[in-house]
Amino acid sequence: MIRISDQFVSINHYKKIIKIGISEIHIEMKHHFLLISGEDLIISYLNKDEIILKGKILKVDFNYV
């Protein structure tokens, strides 16, 4: 499940984090990839099943494999 607002993105059941930057974060899911774009992005919570990203979320792209 993915929950999106203008201030956070919560992602459950992700596979791995591909790339982390202050303006972009790339995450691999089971059947697609996520590209989260924004400003001042940080990982505020992380465990093996869930990740929560905070900052000013500008765009979330889904790329299917």
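Before any of the text, the structure's been laid out above.
Residues numbered from 1 in each chain as written. Predicted model: local features only at pLDDT ≥ 70, side-chain atom pairs only at ≥ 80, totals over all residues. Heavy atoms only, no water.

A. Looking closely at the nonpolar core. One finds I11, I27, L34, I36 and L53 to be the most contacted residues of the largest nonpolar core, which totals 13 residues. The set of elements that each furnish at least two residues to this core consists of β2 (8-12), β4 (24-28), β5 (32-46) and β6 (50-64). Tallying contributions element by element places β6 first for this core, with four residues. For I27, the residues in contact, after removing those within four places along its chain, are I11, Y14, K16, I18, H32, F33, L34, I36, I51 and L53. (Core = buried A, V, L, I, M, F, W, Y, C linked by side-chain atoms within 4.5 Å. Buried < 20%, exposed > 50% of the residue type's maximum accessible area, 1.4 Å probe, protein only. Helix = DSSP H or I, 4+ residues; strand = E, 2+ residues; numbered from the N terminus. Contact = heavy atoms within 4.5 Å.)

B. View of a nonpolar patch on the surface. A contiguous nonpolar patch, built from I4, F62 and Y64 and spanning about 340 Å² of accessible area, is present on the exposed surface. On the basis of relative accessibility, which here comes to 47%, the residue I4 falls in the partly exposed class. (Patch = residues over 30% accessible without salt bridge, like charges linked within 9 Å, V, L, I, M, F, W, Y side chains within 5 Å. Areas by Shrake-Rupley, 256 points an atom, 1.4 Å probe, with all protein chains shown as cover. Salt bridge = Lys/Arg side-chain N within 4 Å of Asp/Glu carboxyl O.)

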